[in-house]
Amino acid sequence: MKAIKQLLSGNGRQFGMIFALVVLIGLFQWLTGGKTLTPTNMINLFNGNSYILILAVGMVFVIIAGHIDLSVGSVAAVTGIIVAMAMRDWGIPWWAGILLGLLIGAAIGAWQGLWVAYVGIPAFIVTLAGMLIFRGANQYIGKSNTVPVPQEFQFIGAGYLPEIGPDTGYNNLTLLLGLVLAAVVIIGEMRRRAKTVKIGSVNPPAWVSATKTGLLVAAILYATYLFSTGRPGTSFPVSGIILAVLVVLYVFISTKTVVGRHVYAVGGNLHAAELSGVRSKKVNFLVMMNMSILASLAGMIFVARSTASGPFDGTGWELDAIAAVFIGGAAVSGGVGTVVGSIVGGLVMAVLNNGLQLLGIGADLTSIIKGLVLLIAVALDVYNKTQGRPSIIGLMMKNFGSKDKLTVPAPVNPKPEMPTGTKSTIGTDA
């Protein structure tokens, strides 16, 4: 028991959520007779849910700031139809279509951010209105028709890493990607231990770090094997590369930049953050704009994978993205949440949906089960907090990534002191 306790301590936030995901995968692997962990199924699962995971990356910032965005599905849909029609009717190249889509997302985000940040209307109302406006705009602009997109554009949603180098029986680029990721995990753990020693803290036993790192590396290598051995012409999806770049970028923003810390500060304690010099209106504006940009990107990836834009694109996406963020550990009240946790939460929902489909469960029961999973996860978390005990998610995430969470105390003086390590950044203009 002592060894297990040591193994689960330290980076419990990272390994707790991954452990829950692994258990779910193992359960469906058993129930489906081995159909879950096959190259074809895993490639399809990841490729078919990448746009939801991209939405979750943006949604976690919205929820950390204390808001909610109900318009992301409609924003994705209207962007998709405009970009598809622009490439078909105006003859613009695929790369210009992507730029156009991102500009549309920025414009919509600026519109909604203006109402939220500077007019003061709650984001729930603004984005509810946006959901209706942009859903109607999608159907009005496209005349409720399906508009195809060129093959070059389809690559961002339906493309895979190409085959290069000698014939090894695997996709060489996917193998290289997996080996690089495994090396990054090992080097990162070694640097973390060295940094802990340098600042005079005590590292957990070497076997604990080795076991955790070894399990994570083994999972990465096994996933690499699955993605590199799919049917001819498939490998790791291009949409997965886009998602990976976004995750790295937004993890850096949330943990290493002033803007990221200000988002946590606004969601944790708005008045204390404003007294400390944080421009909350600017933060809220940027958060809403960022969400719409990522929604537009997600919409274009979905259209590219579907090969056409349609009038019902984006329906229900906002609910999947919100569920992913909350299952990933975000707090309803704001101020708490991580990008990685939201991605893992999104994968939990994706695996659950995929496993139920493989079992032949209908869409009606699948929806019921997914709703119950979300409700029970949040209810148990809230119950434990009201009883004065650490939340279930908190227990799984104990002592991992302290920079992911910023708690701002209630104001005592006109300029209250902030937690150690954040005093200089909270008072800095973003």
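Above: the structure in question.
Residues numbered from 1 in each chain as written. Predicted model: local features only at pLDDT ≥ 70, side-chain atom pairs only at ≥ 80, totals over all residues. Heavy atoms only, no water.

Caption draft 1: Main features of the pattern of salt bridges. Applying the stated criterion across every chain yields a total of three salt bridges. Its salt-bridge partner being Asp89, residue Arg88 comes within 2.7 Å of it at the nearest N-O pair. Between Lys370 and Asp320 there is a salt bridge, and its shortest N-O distance comes to 3.7 Å. With a gap of 50 residues between them, Lys370 in helix α16 (residues 363–386) and Asp320 in helix α14 (residues 317–327) connect regions that are remote in the sequence. (Salt bridge = Lys/Arg side-chain N within 4 Å of Asp/Glu carboxyl O. Helix = DSSP H or I, 4+ residues; strand = E, 2+ residues; numbered from the N terminus.)

Caption draft 2: Here's a closer look at the nonpolar core. Ile54, Leu55, Val57, Met59, Phe153 and Leu243 are the most contacted members of the largest nonpolar core, which totals 86 residues. No other element matches the 16 residues that helix α3 (residues 39–64) contributes to this core. Aside from chain neighbours lying at most four places away, what touches Ile54 is Ile242, Leu243, Leu246, Leu294, Leu297, Ala298 and Ile301. Core analysis: the second largest hydrophobic core is formed by five residues, Ala182, Val185, Val217 and Ile220 among them. (Core = buried A, V, L, I, M, F, W, Y, C linked by side-chain atoms within 4.5 Å. Buried < 20%, exposed > 50% of the residue type's maximum accessible area, 1.4 Å probe, protein only. Contact = heavy atoms within 4.5 Å.)

Caption draft 3: Quick look at α3. Under the 1.5 Å per step criterion, the end-to-end length of α3 is 35 Å for 26 residues, consistent within 8% with the ideal 38 Å. Along its length, α3 reaches its greatest deviation from straightness, about 50 degrees, at Ser50. (Expected span 1.5 Å × (residues − 1). Bend = angle between axes of the 7 residues up to and from the residue.)

Caption draft 4: Structural detail: the environment of Ser144. The residue Ser144 is located in the loop between α6 (123–142) and β1 (147–148) in this model. Taking relative accessible area as the criterion, Ser144 reaches 43% and is therefore assigned partly exposed. Placed 165 residues apart in sequence, Ser144 and Ser309 show a C-alpha to C-alpha distance of 9.9 Å. Ser144 has contacts with Gln139 and Pro311, leaving out every residue within four places of it along the chain.

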